[in-house]
Amino acid sequence: MTDHHCHLLPQIDDGASDVNDSLEICKFLHECGFDTVLCTPHYIPHIGISLNEFTEQRRSALRSVLTEARQSGIMIPTLRLGAEVRLEQGISQISRLDALCLEGTNLLLLELPYTGFQPWIPDEIHNVAAVHGVRPVLAHINRYWKKYSDAQLEAVITSVEGAVVQLNYECFGFIPPAIRLRRLERYGCPIIYGTDLHMPSEFSRVSKNLRRAKSLKIPQLSIYRGR
Ligand SMILES: [Fe+2]
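Reading guide: rules and limits
Residues numbered from 1 in each chain as written. Predicted model: local features only at pLDDT ≥ 70, side-chain atom pairs only at ≥ 80, totals over all residues. Helix = DSSP H or I, 4+ residues; strand = E, 2+ residues; numbered from the N terminus. Rg over C-alpha atoms; globule rule 2.2 N^0.38 Å. Buried ≥ 20, exposed ≤ 12 C-beta atoms within 10 Å, placed from the backbone. Contact = placed C-beta atoms within 7 Å. Pairing = 2+ DSSP bridges. Axes fitted to C-alpha atoms, helices over the stretch in contact; angles between N-to-C directions. Core = buried A, V, L, I, M, F, W, Y, C linked by C-beta atoms within 7 Å. Expected span 1.5 Å × (residues − 1). Arc of directions from axis to C-beta. Parallel < 35°, antiparallel > 145°, perpendicular 65-115°, else oblique. Left-handed = near helix turned anticlockwise from the far one by under 90°. Nonpolar A, V, L, I, M, F, W, Y, C, P; charged D, E, K, R; others polar.

Caption draft 1: Inspection of the overall build of the chain at higher detail. The secondary structure content of the chain amounts to seven helices and nine strands. By the compact-globule yardstick of 17 Å for 227 residues, the chain fits well, its C-alpha radius of gyration being 17 Å. Reported as C-alpha extents along the three principal axes, the dimensions of the chain are approximately 50 × 40 × 35 Å. Burial status across the chain gives 39% buried among its 227 residues. The contacts of the chain with a sequence gap of at least 6 include a subset with a gap of at least 24, amounting to 81%.

Shown next as structure tokens:
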């Protein structure tokens, strides 16, 4: 089972505050049955950090987690690098944005604005895909079920052929997701899941939602299936 969205890397965003938290998250995810975890720290273009700086921070944060895990002898899932890229107007013009794809793939995890739908959004997703040759993964679409209308979500999801939808397991904690899932299936795009874990205080909520997903026998696709 793959966790496609997680903020376990230490001191790079609002996720794990230190390497001890990172290891706690790794242990927890291993116990939950995840064999692979995508480390997807936030990349927020307007903050001004360069892609080079970000990827260097990410590499060094991963190194610190792997070193500590090895020294303490604990079992952790395989960690892969990625990023959660905030969709902002014009980001398609950022050079080498594809360096942030989920490791070993052309999949780019994109986080839509929380400020509500804006007409430039579908165009920008389309441009990101066209300019960089990437396949967008729309991060935690469940968070927009109340913010965007059905027509607006449809415009986003169909803005590019082959888009992938990512849902957080939290979607099993609030409302019966069956109708929403059926609506997403109508678009024919693959659905993948993630914990979006930031810190150990979220473990009990994530456990509960994972149990619910398992009891509903929700298919767990992995982008690394067959590798
Ligand atoms: Fe996230």
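Caption draft 2: Layout of unusual backbone geometry. The backbone of Gln11 shows a phi angle near 55°, a positive value even though the residue is not glycine. If you trace the backbone, Gln11 turns up in the loop between strand E1 (2–3) and helix H1 (19–32). Classification of Gln11 by C-beta neighbours within 10 Å gives partly exposed; the count is 16. Positive phi outside glycine occurs at His140, with the angle close to 25°. Mapping His140 onto the fold places it in the loop between strand E7 (135–138) and helix H4 (150–157). For His140, a count of 21 C-beta atoms within 10 Å corresponds to the buried category.

Caption draft 3: Examining the sheet that holds strand E5 (residues 84–86) more closely. Taken in spatial order, the six strands make up an open sheet running E3-E5-E6-E7-E8-E9, and their pairing is parallel. With partners counted over all chains shown, the strands left at the sheet margins are strand E3 (42–43) and strand E9 (191–194), one partner each. Relative to the sheet, helix H3 (residues 120–132) contacts strand E6 (107–111) and E7, its axis offset from that of E7 by approximately 140°.

Caption draft 4: Highlighting the sheet that holds strand E4 (residues 78–81). Here we have three strands laid out as an open sheet, ordered E1-E2-E4, and parallel in their pairing. Of all strands in the sheet, those with a lone pairing partner are E1 and E4, marking the two edges.

Caption draft 5: Quick peek at the nonpolar core. Counting 60 residues, the largest nonpolar core has Leu8, Cys39, Leu108, Leu110 and Leu138 as the members making the most contacts within it. Filtering out sequence-adjacent residues up to four positions away, Leu108 remains in contact with Val85, Leu100, Cys101, Val128, Val134, Pro136 and Val137.

Caption draft 6: Up close: the environment of Gly33. One can find Gly33 in the loop between H1 and strand E2 (36–39). Sequence-wise, Gly33 and Thr2 are 31 residues apart; in three dimensions their C-alpha atoms are separated by 8.8 Å.

Caption draft 7: Structural detail: the environment of Asn106. Inspection of the secondary structure assignment puts Asn106 in the loop between E5 and E6. Note on Asn106: 13 C-beta atoms within 10 Å, which makes it partly exposed. Note: C-alpha distance between Asn106 and Leu167 (61 residues apart in sequence) is 19 Å. Discounting chain neighbours no more than four positions away, the residues touching Asn106 are Cys101, Gly133, Val134 and Arg135.

Caption draft 8: Up close: H3. For H3, spanning 13 residues, the distance from its first C-alpha to its last is 18 Å, which sits close to the expected 18 Å at 1.5 Å a residue. Along H3, the residues that are buried comprise Ile121, Ile125, Val128, Ala129 and His132. Looking straight down H3, one finds that the buried residues subtend no more than 100° of arc, so they occupy a single side. In this structure, the buried side of H3 is in contact with E6, E7 and H4. Immediately beyond the C-terminal end of H3, within one or two residues, lies Gly133, with a positive phi of roughly 65°.

Caption draft 9: Quick peek at helix H7 (residues 203–215). For H7, spanning 13 residues, the distance from its first C-alpha to its last is 18 Å, which sits close to the expected 18 Å at 1.5 Å a residue. Once H7 finishes, Lys217 follows within two positions and takes phi at roughly 55°, a positive value.

Caption draft 10: How the structure looks around the packing of H1 against helix H2 (residues 51–72). Taken N-terminus to C-terminus, the directions of H1 and H2 make an angle of 70°; their axes are 10 Å apart at the nearest point. Considering their axes alone, H1 and H2 lie roughly perpendicular with respect to each other. The handedness of the crossing between H1 and H2 comes out as right-handed. Contacts between H1 and H2 involve Val19, Ser22, Leu23 and Cys26 from the former and Ser64, Val65, Glu68, Ala69 and Ser72 from the latter. For the contact of H1 with H2, the residue count by class is five nonpolar, three polar and one charged.

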